[in-house]
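# Structural characterization, general
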Amino acid sequence: MNQEERKTAIRRMRVLVAAACILMLLYGLRLIFLQLVNGDDFKSQATNTTDYKFTVTAARGDIVDSRGERIATSVTGYNVVLNKLLMGDEDLDGMLQKIVELLRANGESWNDTLLISQPDAAGNYTFTAEEGSTRDQKALAAMKDNLGLQQYATANDVMEKLVEDYDLASYPLSWQRTLGGIHYEMQLQAFSNVNNFIMAENVSEATVATIKEHSLSLPGVEIVETSTRSYEQSTVLPHVLGRVGKITAEKWKVTDENGQTTYPLREKGYNMNDIIGISGLESAYEEELRGKDGVETITRDADGVIVDTALTTVPEPGHTVQLTIDSAFQQAVDRALARNIEMINSTYNSSSSAKAAAGAVVVISTKDGSVLAASNYPSYDQNLFATQYSQYSSDPGLPLLNRALQGLYTPGSTFKPAVAVAALDSGVINRSSTVYCNGVYTYYDDYRPKCTRHGHSGNIDVVTAIKWSCNIFFYDVGRRLTSEVYDAYAYKLGMGVRTGVEVSEALGHLTSKIDSNYIESLDVQAAIGQGNTVVSPVQLATYAATIANRGTRYRTHFVKAILDSNTGEVLQETQPEVMDVIEDRGETFDLVQQGMIGVSQTIPVLASYPYTIACKTGTPQRSEGYYVGSTYKHYTNTMMIAYGPAEDPQIAIGIVVEYGGGGARAGNLVADIANAYFAMQDGTLNEDGTIGKQETAADSTPADQTAPAQTETGTDAAADTATDPAAGTTDAAQETAPAGQDALDN
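Residues numbered from 1 in each chain as written. Predicted model: local features only at pLDDT ≥ 70, side-chain atom pairs only at ≥ 80, totals over all residues. Heavy atoms only, no water.

Another aspect to go through is the overall build of the chain. When its secondary structure is counted, the chain shows 28 helices and 25 strands. Scored against the burial criterion, the 746 residues of the chain give a buried share of 52%. Pairs at least 24 apart in sequence give 72% of the contacts found in the chain among residues at least 6 apart. Of the roughly 33000 Å² of accessible surface on the chain, a fraction of 49% belongs to carbon and sulfur atoms. (Helix = DSSP H or I, 4+ residues; strand = E, 2+ residues; numbered from the N terminus. Buried < 20%, exposed > 50% of the residue type's maximum accessible area, 1.4 Å probe, protein only. Contact = heavy atoms within 4.5 Å. Areas by Shrake-Rupley, 256 points an atom, 1.4 Å probe, with all protein chains shown as cover.)

See below:
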């Protein structure tokens with residue numbers, strides 16, 4: 001072999017070696033890909049197994065008060081759950097019958113929202129939806145749509161369709177209804193191999209034991225531990241806390257005006273059967289409270305045998321929401337409001353056909369706008385809401401109404417300090433400016449509203465006008481200012497605007513030139529807090545706090561912080577937020593405060609209080625009235641704003657008592673609230689809202705100090721000193737306001 005042939009052979013050998021190496025590398029890479037990258041998939045295919053993933057619901061976060069005391073929490077509950085994957089070929093209807101009989105024997109119910117009765121003796125069915133219930137009527141319409149029936153379908157038509165769809169014809173009629181209802185519920189919950197069906201919720205431990213005893217004959221029927229919402233202090237702040245509930249069909253499947261269907265909650269990681277906040281703070285802080293669900297993976301082989309069950313993702317509990325409310329102080333304010341209403345009825349309204357039966361109080365910190373208490377009377381028990389909803393919703397006292405945030409009331413004379421701030425700050429009046437009060441306002445030829453001149457007469461300055469609630473002064477000043485100007489200041493002070501609370505609140509309304517019934521003389525009525533003006537108790541408290549802060553309005557809020565549920569670490573803290581400012585120029589707020597302190601000095605329980613209280617009463621007329629002989633009189637509400645101590649304000653208060661009469665009747669309530677606040681500060685406030693062994697202001701105030709003539713101020717005083725004391729309404733001769741508005745504020 002010559003040299004050339006040898007070189008050729010070597011080249012060929014190198015090519016072969018290189019080719020062999022490349023081939024071996026490719027085989028090696030393929031092996032790596034098969035074993036390392038897709039090893040689990042191929043292993044699963046080799047063994048022919050399937051993984052099924054199920055959600056493990058995370059515990060919902062607690063809601064606690066400012067001291068960390070739990071108000072809303074999650075407690076362990078037990079659900080009866082059907083797992084289709086584990087049921088195998090078991091006869092479903094036969095198993096459902098067994099479960100129903102076990103549940104019945106233990107006094108349990110099961111999930112069945114089918115709005116159809118059991119059959120009568122003739123085998124006919126009726127709808128159980130309440131005619132006046134929007135929720136029931138929507139559910140009924142949705143049921144017919146889901147079953148492909150027309151809206152005119154009868155209950156018999158619906159049952160016929162269910163029996164046909166679920167092959168129930170061989171069962172007795174009563175079982176057809178029971179099984180049909182369960183099957184329909186399964187349809188709503190999308191029962192499948194990957195979605196369990198919750199048959200019964202929050203069952204007793206006895207039921208848990210019974211189900212487990214029969215587990216061999218009930219394959220796929222499981223007792224699943226779950227978190228149930230419980231309210232440890234169920235009467236504390238129920239209207240603000242709100243409620244949780246199952247995701248409704250309307251929220252799960254959303255169809256827009258163009259017919260486009262979306263599933264927004266599913267996109268956020270929710271399952272159809274999940275519990276979600278549906279109102280109040282439970283809804284507003286859903287993202288924080290919800291937590292992160294875990295995942296349980298069940299592996300089944302080709303023969304349907306479960307070969308593995310594992311918790312592949314551990315659930316994480318939701319965060320804790322801490323409130324600005326001290327639950328003991330909240331209970332103290334609740335008690336004080338109820339006691340004040342009882343006092344008004346026993347002292348003033350004992351013979352009246354209209355009793356003071358409802359009211360609201362909001363107390364906030366002047367330092368940062370945090371809500372310290374928000375009381376409604378009457379109220380309800382959060383833990384009894386579901387079982388007593390019918391009684392609550394039909395109660396004429398409307399205990400479900402959140403009067404503190406959503407009730408709208410004519411403010412009456414409590415509005416006058418806002419007009420004073422506007423007039424002083426804008427330069428329309430000063431300390432020395434006076435208006436002559438002779439009891440009748442004569443600016444208009446055809447409209448002459450009056451003032452009772454209680455405690456005052458002649459030339460009246462702003463401090464005296466606030467103290468004695470002189471209508472003539474504010475008629476004239478309001479007319480000169482116009483509603484455009486004093487409304488602008490009222491907005492800045494916190495009336496007719498959002499206060500900033502985290503839950504739903506009513507906006508209210510201030511009388512305006514764009515109102516449909518506006519005429520010029522309405523400006524003078526609005527200046528004394530009548531006209532078309534309506535505000536909420538939380539706005540009154542915010543307004544009082546803004547005056548106390550000399551024009552700085554903070555965002556009113558209920559949430560203090562978000563905490564880690566495991567460690568208690570503060571994850572987010574609410575900082576004071578300034579919403580608006582009236583620059584404190586000159587003597588504006590000094591003079592207004594002097595007038596408001598003057599009001600408190602006319603109310604014995606506040607005049608003798610250890611700290612200086614600034615307040616303004618109001619007794620606005622209601623539209624309803626009654627006759628005394630041939631004289632028609634209006635019923636009135638009790639209104640008050642207050643703050644204290646005036647030298648260094650700490651709390652501000654807004655009060656409404658429906659049909660309460662003279663505004664000064666809330667004086668004892670202000671004193672009781674202040675007592676509870678200072679007891680909270682020095683540690684003598686008990687957990688149940690009582691104050692050590694101290695007497696309340698209402699208990700300790702001498703009887704003569706609660707007499708009508710001594711507890712009413714200004715025109716407010718005249719409301720009772722010159723009227724039928726049972727009705728608590730004004731007797732002063734007042735003309736009817738324009739456009740049907742009530743004229744006199746008391």
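With the rule as written, the count across this model stands at three cavities of 30 Å³ or more. Put simply, the parts of the chain that give the lining of the second largest cavity at least two residues each are β24 (638-644), β25 (651-658) and α25 (667-682). Of the residues contributing to the lining of the second largest cavity, the split by class is nine nonpolar, one polar and no charged. (1 Å grid on protein atoms, 1.4 Å probe; cavity = no way out; pocket = protein on both sides within 12 Å on 5 of 7 lines; lining within 4 Å. Points joined across faces, edges and corners; volume = space filled by probe spheres on them. Nonpolar A, V, L, I, M, F, W, Y, C, P; charged D, E, K, R; others polar.)

Attention shifts here to the nonpolar core. Counting 125 residues, the largest nonpolar core has L323, F329, V363 and F558 as the members making the most contacts within it. If you tally residues by element for this core, the top one is α25, at ten residues. Excluding residues within four positions of it along the chain, F329 makes contact with V363, L372, A373, I673, A676, Y677, M680 and L685. By size, the runner-up hydrophobic cluster in this structure holds 42 residues, among which are Y125, F197, I211 and L218. (Core = buried A, V, L, I, M, F, W, Y, C linked by side-chain atoms within 4.5 Å.)

Attention shifts here to the sheet that holds strand β1 (residues 50-56). Spatially, three strands are ordered β1-β10-β11 in an open sheet, and the strand pairing comes out antiparallel. Both edges of this open sheet fall to β1 and β11 (306-313), since each of them pairs with a single strand only. Taken pair by pair, the neighbouring strands of this sheet meet at an average axis angle of 20 degrees, ignoring direction. In the sheet, β1 pairs with strand β10 (residues 294-300) via seven bridges, with the strands oriented antiparallel. The partner of T55 across the bridge, within β10, is V295. (Pairing = 2+ DSSP bridges. Axes fitted to C-alpha atoms, helices over the stretch in contact; angles between N-to-C directions.)

Taken together, five strands build an open sheet; the order of strands is β14-β13-β25-β24-β21 and the sheet is antiparallel. With partners counted over all chains shown, the strands left at the sheet margins are β14 (371-377) and β21 (614-618), one partner each. Strand-to-strand, the axes of this sheet are offset by a mean angle of 5 degrees, without reference to chain direction. With six bridges connecting them, strand β13 (residues 358-365) and β14 associate as antiparallel partners. Its bridge partner being in β14, G359 is matched across the sheet by Y377. Packing against the sheet, helix α22 (residues 537-548) makes contact with β13, β24 and β25, and its axis sits at approximately 145 degrees to β25.

This part is about the environment of S432. Tracing the chain through its elements places S432 in the loop between α17 (416-426) and β15 (435-437). Looking at S432, the relative accessible area reads 62%, which means it is exposed. Considered as a pair, S432 and V463 are 31 residues apart in the sequence and their alpha carbons are 9.8 Å apart.

Across the interface, helix α5 (residues 134-146) lies against helix α7 (residues 173-188) with an axial gap of 12 Å and an inter-helix angle of 85 degrees. Regarding the angle of α5 to α7, the classification is roughly perpendicular. The segment α5 lies against α7, with A142, M143 and N146 engaging Y184, Q187 and L188. (Parallel < 35°, antiparallel > 145°, perpendicular 65-115°, else oblique.)

Let us look at the side chain of N532. Tracing the backbone shows N532 in the loop between α21 (522-526) and α22. There is a polar contact of 2.8 Å between the side chain of N532 and the side chain of N517. (Polar contact = N/O pair within 3.5 Å; in protein donor to acceptor, adjacent residues only side chain to side chain.)

Time to look at the packing of aromatic side chains. What the rule picks out here adds up to 19 aromatic pairs. Each ring, one from Y609 and one from Y611, has its centre 6.4 Å from the other, and the planes form 45 degrees; the classification is tilted. Taking 5.3 Å as the distance between ring centres and 75 degrees as the angle between the ring planes, the aromatic pair formed by Y677 and F678 counts as edge-to-face. A relative accessible area of 7% places Y677 in the buried class. Each member of the aromatic cluster is reached from another via a ring pair, and the members are F329, Y609, Y611, Y677 and F678. Stacked on the ring of Y270, the Lys or Arg R290 has its end atom at 3.7 Å from the ring centre. Directly above the ring of Y659 sits R622, whose terminal nitrogen or CZ lies 4.0 Å from the centroid. (Phe/Tyr/Trp six-rings, centres within 6.5 Å; stacked < 30°, edge-to-face > 60°. Lys NZ or Arg CZ within 6 Å of the ring centre and 35° of its normal.)

Here the structure, examined in full by the defined rule, presents 23 salt bridges. Between R229 and E282 there is a salt bridge, and its shortest N-O distance comes to 2.9 Å. Of this pair, R229 sits in strand β5 (residues 221-231) while E282 sits in helix α12 (residues 280-284), and the two are 53 residues apart along the sequence. No difference in accessibility class separates R229 from E282, as the two residues are buried. K367 is the salt-bridge partner of D648, the closest N and O atoms lying 2.9 Å from each other. With D648 in the loop between β24 and β25 and K367 in the loop between β13 and β14, this pair connects stretches of sequence that are 281 residues apart. We classify D648 as partly exposed; its relative accessible area is 43%. (Salt bridge = Lys/Arg side-chain N within 4 Å of Asp/Glu carboxyl O.)

Moving on, we come to helix α14 (residues 327-347). Between the first and last C-alpha of α14 there are 30 Å, a value that for 21 residues agrees with the 30 Å anticipated at 1.5 Å per step. Among the 21 residues in α14, 15 count as buried, and that is most of the element. Among the residues of α14, the N-terminal cap falls to D326, whose side-chain oxygen and the backbone nitrogen of A328 are separated by 2.9 Å. (Expected span 1.5 Å × (residues − 1).)

Take a nonpolar patch on the surface next. A grouping of I22, L25, L26, L29 and I32 is seen on the molecular surface, where their side chains present a nonpolar patch of about 490 Å² in accessible area. By secondary structure assignment, the location of I22 is in helix α1 (residues 3-37). The exposure class assigned to I22 is exposed, which follows from its relative accessible area of 52%. (Patch = residues over 30% accessible without salt bridge, like charges linked within 9 Å, V, L, I, M, F, W, Y side chains within 5 Å.)

Take the pairing of β10 next. In summary, the side chains of a regular strand alternate between the two faces of the sheet. In terms of strand pairing, β10 meets β11 through six bridges, oriented antiparallel. Each bridged residue has a counterpart across the sheet, and for R300 the counterpart in β11 is I306.

Moving on, we get to unusual backbone geometry. Each neighbour pair has its own omega, and for Y377 with P378 the value is -5 degrees, a cis peptide bond. Position of P378 relative to the elements: it lies in the loop between β14 and α15 (389-394). Omega for the peptide link from G644 to P645 comes to -10 degrees, which places this bond in the cis form. Checked against the element boundaries, P645 lands in the loop between β24 and β25. The backbone of N202 sits at a positive phi, close to 50 degrees, despite the residue not being glycine.

With that out of the way, let us pick up the confidence of the model for the chain. On average, residues of the chain score 87 in pLDDT, and 90% of them reach the 70 mark or higher. Here residues 700-715 scores under 50 on pLDDT; set against residues more than four positions off or in separate chains, the count is 53 contacts. Note that residues 717-746 has pLDDT below 50 and, in this model, 118 contacts with residues that lie over four places away or in other chains. (pLDDT = per-residue confidence, 0-100.)

Within β21, five of the five residues are buried, which leaves the element mostly enclosed by the surrounding structure. Alternating residues of β21 divide into A614, K616 and G618 and C615 and T617, and every residue in both groups is buried. Pairing of β21 with β24 involves five bridges; the strand directions are antiparallel. The partner of C615 across the bridge, within β24, is A642.

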